[in-house]
Amino acid sequence: MALINIDNEKCNLSYSCVRICPVNAIKVEAHQDYPEVMHNACIGCGHCLKVCSPGAISYRDSKEDAKTLLGSDDKVAAICGPSISGEFHDITDYRKFVDMIRALGFEYVFEASFGVDLVARKYNELFNSFKGKYYITANCPAVVSYIEKFHPDLTDNLAPLVSPMIATAKVARKKYGNKLRVVYIGPCIETKKEGKRYRDDGRIDAVLTFAELRELFTEYDISEKKVEFSDFDPPIGYKGSLYPISTGILEAADIDQSLLDGNVITAEGRNGMLEAVNQFEKQIDNIKKHFNLFYNEGCIMGPGTSRGGEKFRRHALVVDYAKRRLKNFDVKKWEKDMEEFGKLDLSRKFKKDDQRLPFPDEDKIQEILQVIGKENNVDEIGCASCGYTSCRDFAVAVARGLAKTEMCLTFTLKNRHDYIRTLRETNQKLAETQEALRKSEKNARREQQLARESFETTHTMLEKLPSSVVLVDNELKVIQANKSFINMLDEEARMIEDVIPGLEGADLKTLLPYNFYNLFSYVLNQDDNIVNRDVLFNDILYNISIFTIRKNKIVGAVIRDLYVPEVRKEEVIKRVTDVIDKNLELVQKIGFLLGEGASETEAMLNSIIESYKMPEKPEEDGE
Ligand code: SF4
Ligand code: SF4
């Protein structure tokens, strides 16, 4: 499992981790939303853990490894980082703390301060026997990783000495044999990786952070009141207990730190360490000092300590603890131990592990600067809200696929302003459209009202017409029919009309015989109106005219009952007139042949017409 992990479910996309990571080991690719750790580049500083407010970032949990070791037949030793005094101040006596660790099943409990003393002595020798080469201390594993990965040319300047953790493991194995299993308990998470680098007597089988140790105490219900006093297993450290404070190793080594005579510079914290390494690389010939570096502000603020710790309170606790331990300290015994274990091989080698990414094309960088609107101020220091020191550095990161343009605050703000402006314009257009819609709705309502009124008028007129009127669609379904039409149908149709007023939707084929409805089909299909066609239906002669209302879609018909007296009279007049007209034509032709006889025929027919035109006498007159 990787050292650092991100839980996307918890991530709120703040990108605080991306901004804080000192080596840009957390990338956000253009197509991604969630940040992703590039594990090979990560130096285990743990800074991302501290800034992730929703707790989406976690480090590898080693509790199960420790439990497995403790459950085995092997003897297991715990080595406690000297910064316990800054972390476990809630436990009233350090001896209770030691017994609580034993209660977990550890056979031996060592304090790494003796390892600090051993390593400190080596530093004293190294720094005070200057042979023209300046060194960077190699106690902080995050610093070592940083140099191996991002300043590989300085690897040879790392002090070739193991860390106090490894030195103490060697001490423990020298005392209790090479089979001894070792669990280191400390404030740091990169030690989880450092422990795996050794295969010899300095190997570490598991690393627990202070936070994980607290979790184990809770899990096994181990508390101060349930244990007795128990001291650390010897050898006991001397000034090594000051190690958690960044200058503590120098104090333990009796290395001169004075400004005038000292030959070591101490730097701590993210920016201090980064700046120090940069300057060491560029200016060491002018600086002429060894560098004592810690990524965190000493070990007391390591990422494996409890959250919310206060640096200076922890500082004071460490110093108080060291004072108490040194009060009646048996220096002679310590010197004897130092002599015995001072022969251990504390040397170490480093390996270049270059994780620097190739530099992108200048054209690509310029293109990105243009996109984020920064092509003109590339030399200026940026706002750093993206986490990069300049806009150019940010553009380089985007070109390398480590960041995306949306992480640039000014670019995002500009986009947002553009978006807001577009939104405002869209809203304006929307309001105008809504107004237009309101007006057109009003018009539509008015037109609807007019249409309804006109429909009602037409309907009333149709109902009043003595002739039958029916409108059908292309499936011969009735759209509208007036009373006269319904009356001309049989009883069954009239019953349907009771249920469906106006017979709307009724099938004409069920209402009229084939010879009748077929005329409708003809007009629908042929778009050819039928005018004054006589059709016999139910022993009544009807005169029908069918005409297209909407081509091939709707036709209408006017049907007149020729047996109704008014119709009959009118029709007889019309038809006799037609006969006269036709006969006249004929008579004119015959007149040439027969002479006067024709005029008599005309007179006779005209007299018939006149007799039909004469009003009928009222019945009360007895006619
Ligand atoms: S700091 Fe935490 S919440 Fe923010 S982007 Fe990183 S992982 Fe997500
Ligand atoms: S632990 Fe440090 S180096 Fe690793 S990802 Fe987090 S901030 Fe970056």
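What counts, and where the lines are drawn
- Residues numbered from 1 in each chain as written.
- Chains lettered and ligands numbered in written order.
- Predicted model: local features only at pLDDT ≥ 70, side-chain atom pairs only at ≥ 80, totals over all residues.
- Heavy atoms only, no water.
- Helix = DSSP H or I, 4+ residues; strand = E, 2+ residues; numbered from the N terminus.
- Buried < 20%, exposed > 50% of the residue type's maximum accessible area, 1.4 Å probe, protein only.
- Contact = heavy atoms within 4.5 Å.
- Axes fitted to C-alpha atoms, helices over the stretch in contact; angles between N-to-C directions.
- Parallel < 35°, antiparallel > 145°, perpendicular 65-115°, else oblique.
- Left-handed = near helix turned anticlockwise from the far one by under 90°.
- Nonpolar A, V, L, I, M, F, W, Y, C, P; charged D, E, K, R; others polar.
- Pairing = 2+ DSSP bridges.
- Domains from an automatic or database assignment.
- Buried area = accessible area lost by both parts, 1.4 Å probe.
- Near = heavy atom within 4 Å.
- Phe/Tyr/Trp six-rings, centres within 6.5 Å; stacked < 30°, edge-to-face > 60°.
- Lys NZ or Arg CZ within 6 Å of the ring centre and 35° of its normal.
- Salt bridge = Lys/Arg side-chain N within 4 Å of Asp/Glu carboxyl O.

Focus: the side chain of K149
So, point 1. Tracing the chain through its elements places K149 in helix α7 (residues 141–150).
So, point 2. Here K149 falls in the buried class, since its relative accessible area comes to 8%.
So, point 3. In this view, K149 contacts N40, A41, C42, I43, D353, D354, Q355 and R356; residues no more than four positions away in its chain are not counted.

Description of the packing of helix α15 (residues 362–371) against helix α16 (residues 391–399)
So, point 1. The N-to-C vectors of α15 and α16 enclose an angle of 115°; their axes lie 9 Å apart at closest approach. When the interaxial angle is binned, α15 and α16 end up roughly perpendicular. The two elements α15 and α16 meet at a crossing, and its hand is right-handed. Contacts between α15 and α16 involve E362, K364, I365, Q366, I368 and L369 from the first element and C391, R392, A395, V396, V398 and A399 from the second.
So, point 2. The class makeup of the residues in the contact of α15 with α16 is eight nonpolar, one polar and three charged.

Here we look at the sheet that holds strand β6 (residues 108–111)
So, point 1. Strand order in the open sheet made by the four strands is β6-β5-β7-β8, with parallel pairing throughout. Each of the sheet's edge strands pairs with one partner strand only, and the pair in question is β6 and β8 (206–209). For this sheet, the mean angle separating the axes of adjacent strands, direction not counted, is 25°.
So, point 2. Relative to strand β7 (residues 181–186), strand β5 (residues 76–80) is paired through five bridges, and the arrangement is parallel. When the sheet's bridge partners are listed, I79 is paired in β7 with Y184.
So, point 3. This element, helix α5 (residues 94–103), spans β5, β6 and β7 of the sheet and lies at about 140° to β6.
So, point 4. Taken strand by strand, helix α10 (residues 210–219) contacts β7 and β8, and its axis lies near 85° from that of β8.

Comments concerning the domain arrangement of the protein
Interfaces are frequently sized by the accessible area removed from exposure as the parts join.
So, point 1. What the domain assignment reports for the protein is domain 1 (1–59), domain 2 (61–341), domain 3 (466–563) and domain 4 (571–616).
So, point 2. Placing the centre of domain 1 and that of domain 2 at their C-alpha centroids yields a distance of 26 Å.
So, point 3. Of the residues lining the interface, 20 residues belong to domain 1; the matching set on domain 2 comes to 22 residues.
So, point 4. Here domain 1 packs against domain 2, burying approximately 1,600 Å² in sum over the two surfaces, 58% of which is carbon and sulfur.
So, point 5. Broken down residue by residue, the surface that domain 1 buries against domain 2 is led by L3, I43 and Y59, which jointly contribute 39%.

What about the site of ligand 2?
So, point 1. Residues in contact with ligand 2, as listed here, are I4, C21, P22, V23, I26, C42, I43, G44, C45, G46 and C48.
So, point 2. When the residues that make up the shell around ligand 2 are grouped by side-chain class, the tally is nine nonpolar, two polar and no charged.

Considerations on α7
So, point 1. Counting buried positions along α7 yields ten of ten residues, so the element is predominantly enclosed.
So, point 2. Every buried residue of α7 is accounted for by P141, A142, V143, V144, S145, Y146, I147, E148, K149 and F150.
So, point 3. In this fold, the buried residues of α7 make contact with α9 (191–194), α12 (270–287) and β10 (290–294).

Here we look at the site of ligand 1
So, point 1. Around ligand 1, the neighbouring residues are I6, C11, N12, S14, Y15, S16, C17, P35, C52, P54, A56 and I57.
So, point 2. By residue class, the composition of the shell around ligand 1 is nine nonpolar, three polar and no charged.

A word on the environment of F520
So, point 1. Mapped onto the fold, F520 is located in helix α21 (residues 514–526).
So, point 2. F520 sits in the buried class, given a relative accessible area of 0%.
So, point 3. Once the C-alpha coordinates of F520 and D73 are considered, the two residues, 447 residues apart in sequence, prove to be 104 Å apart.
So, point 4. Setting aside anything within four residues of it in sequence, one finds F520 in contact with V470, V472, L476, L508, L512, I544, I546, V555 and A557.

Side note on the packing of aromatic side chains
So, point 1. If you walk through the whole model with that rule in mind, you get 21 aromatic pairs.
So, point 2. When the ring of F88 is compared with that of F97, the centres are 4.6 Å apart and the planes differ by 35°; the resulting orientation is tilted. F97 carries the same exposure label as F88, and that label is buried.
So, point 3. A ring pair is formed by F537 and Y542, whose centres lie 6.1 Å apart and whose planes are at 45°; its orientation type is tilted. You'll find F537 and Y542 in the same group, each marked buried.
So, point 4. Here the aromatic cluster, defined as three or more aromatic residues joined through ring pairs, consists of F88, F97, F210 and F217.
So, point 5. R95 extends its terminal NZ or CZ atom over the ring of F229, reaching a point 4.0 Å from the ring centre.
So, point 6. Its end group placed over the ring of F229, K96 keeps NZ or CZ at 5.8 Å from the ring centre.

Considerations on unusual backbone geometry
Across residues other than glycine, the phi torsion is negative in most instances, and most of the peptide bonds are trans.
So, point 1. Of the consecutive residues P234 and P235, the connecting peptide bond is found in the cis state with omega at 5°.
So, point 2. By the secondary structure assignment, P235 is in the loop between α10 and α11 (248–252).
So, point 3. Positive phi, normally seen in glycine, also occurs at N24, with a value near 50°.
So, point 4. Position of N24 relative to the elements: it lies in the loop between α1 (16–20) and β2 (26–27).
So, point 5. The phi torsion at K288 lies on the positive side, around 55°, for a residue other than glycine.
So, point 6. In this fold, K288 is placed in the loop between α12 and β10.

Some details on the pattern of salt bridges
So, point 1. Considering all chains together, one arrives at 29 salt bridges under this definition.
So, point 2. With its nearest N and O atoms 3.0 Å apart, the salt bridge here joins K67 to E64. Of the two residues, K67 and E64 both sit in helix α3 (residues 63–71), three residues apart, roughly one turn of that helix.
So, point 3. With a shortest N-O distance of 3.0 Å, K170 and D201 are connected by a salt bridge.

Description of the sheet that holds strand β11 (residues 468–473)
Backbone-to-backbone hydrogen bonds join strands into a sheet, with any given pair of strands oriented parallel or antiparallel.
So, point 1. Pairing is antiparallel in the open sheet, where five strands are placed in the order β12-β11-β15-β14-β13. The strands lining the two open edges of the sheet, one partner per strand, are β12 (478–481) and β13 (530–537). The mean inter-strand angle of the sheet, taken between neighbouring strand axes irrespective of direction, is 25°.
So, point 2. Note that β11 and β12 share three bridges and pair antiparallel.

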